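# Topology and contacts: notes
Here are the chains, one letter per residue:
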Amino acid sequence: VQLVQSGGGLVQPGGSLRLSCAASGFTITRYAMNWYRQAPGKEREWVASISSGGGSRNYADSVKGRFTISRDNARNMVYLQMNSLTPEDTAVYYCNAKRIEIRNDYWGQGTQVTVSS
């Protein structure tokens, strides 16, 4: 079982990045998918969630209107489109798959996003 992330990097303020998360060893169809992030010296914080069917999306206030979470169940993929990035968005971002009823909780390896001029 794996969640493999890609798409991080260095971007200037105001720029955009798209993070991808590829699941293997299980299908994400019945999983709520989430993105979290952890900035240096801070605790990990929740960023965004999308329900198993994709009909419900929720965002932290700090990213609302700038970030978009999406999923492609057929490809077993989840994405985080990040626009209008600011230095405060600099963090390691983590993909998470959660299915509460069977207590499954999987994490990606983390990917660094750095917003700097």
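Everything in this summary refers to the structure shown in the same document. (Residues numbered from 1 in each chain as written. Predicted model: local features only at pLDDT ≥ 70, side-chain atom pairs only at ≥ 80, totals over all residues. Heavy atoms only, no water.)

### What about the overall build of the protein?
Counting its secondary structure elements, the protein contains zero helices and eleven strands. Going from N to C terminus, the protein has its helices and strands arranged as β-β-β-β-β-β-β-β-β-β-β. What you see for the protein is a C-alpha radius of gyration of 13 Å, in line with the 13 Å of a compact globule of 117 residues. Principal-axis analysis of the C-alpha atoms places the extent of the protein at approximately 40 × 25 × 25 Å. For the protein, the residues scored as buried account for 44% of the 117 residues in total. Long-range pairs, those at least 24 residues apart, make up 54% of the contacts in the protein between residues at least 6 apart in sequence. As displayed, the protein has an accessible area near 6,200 Å², and 46% of this comes from carbon and sulfur atoms. Across the protein, the mean location of the 13 positive side-chain charges is 7 Å away from that of the 8 negative side-chain charges. (Helix = DSSP H or I, 4+ residues; strand = E, 2+ residues; numbered from the N terminus. Rg over C-alpha atoms; globule rule 2.2 N^0.38 Å. Buried < 20%, exposed > 50% of the residue type's maximum accessible area, 1.4 Å probe, protein only. Contact = heavy atoms within 4.5 Å. Areas by Shrake-Rupley, 256 points an atom, 1.4 Å probe, with all protein chains shown as cover. Lys, Arg positive; Asp, Glu negative; His and termini not counted. Charge placed at Lys NZ, Arg CZ, Asp CG, Glu CD.)

### Description of the pairing of strand 7 (residues 67-72)
Side-chain alternation along strand 7 places Phe67, Ile69 and Arg71 on a buried face and Thr68, Ser70 and Asp72 on a face that remains uncovered. As paired strands, strand 7 and strand 8 (residues 77-82) are joined by six bridges and run antiparallel to one another. Bridging across to strand 8, serine 70 finds its partner in tyrosine 79. Two successive antiparallel strands, strand 7 and strand 8, enclose a turn made up of four residues, where asparagine 76 displays a positive phi of approximately 60°. (Pairing = 2+ DSSP bridges.)

### Points about the environment of proline 40
Within the secondary structure, proline 40 sits in the loop between strand 4 (32-38) and strand 5 (45-50). Spatially, the C-alpha atom of proline 40 lies 8.4 Å from that of valine 92, the residues being 52 residues apart in sequence.

Bear in mind that shape data such as this cannot, by itself, settle questions of function.
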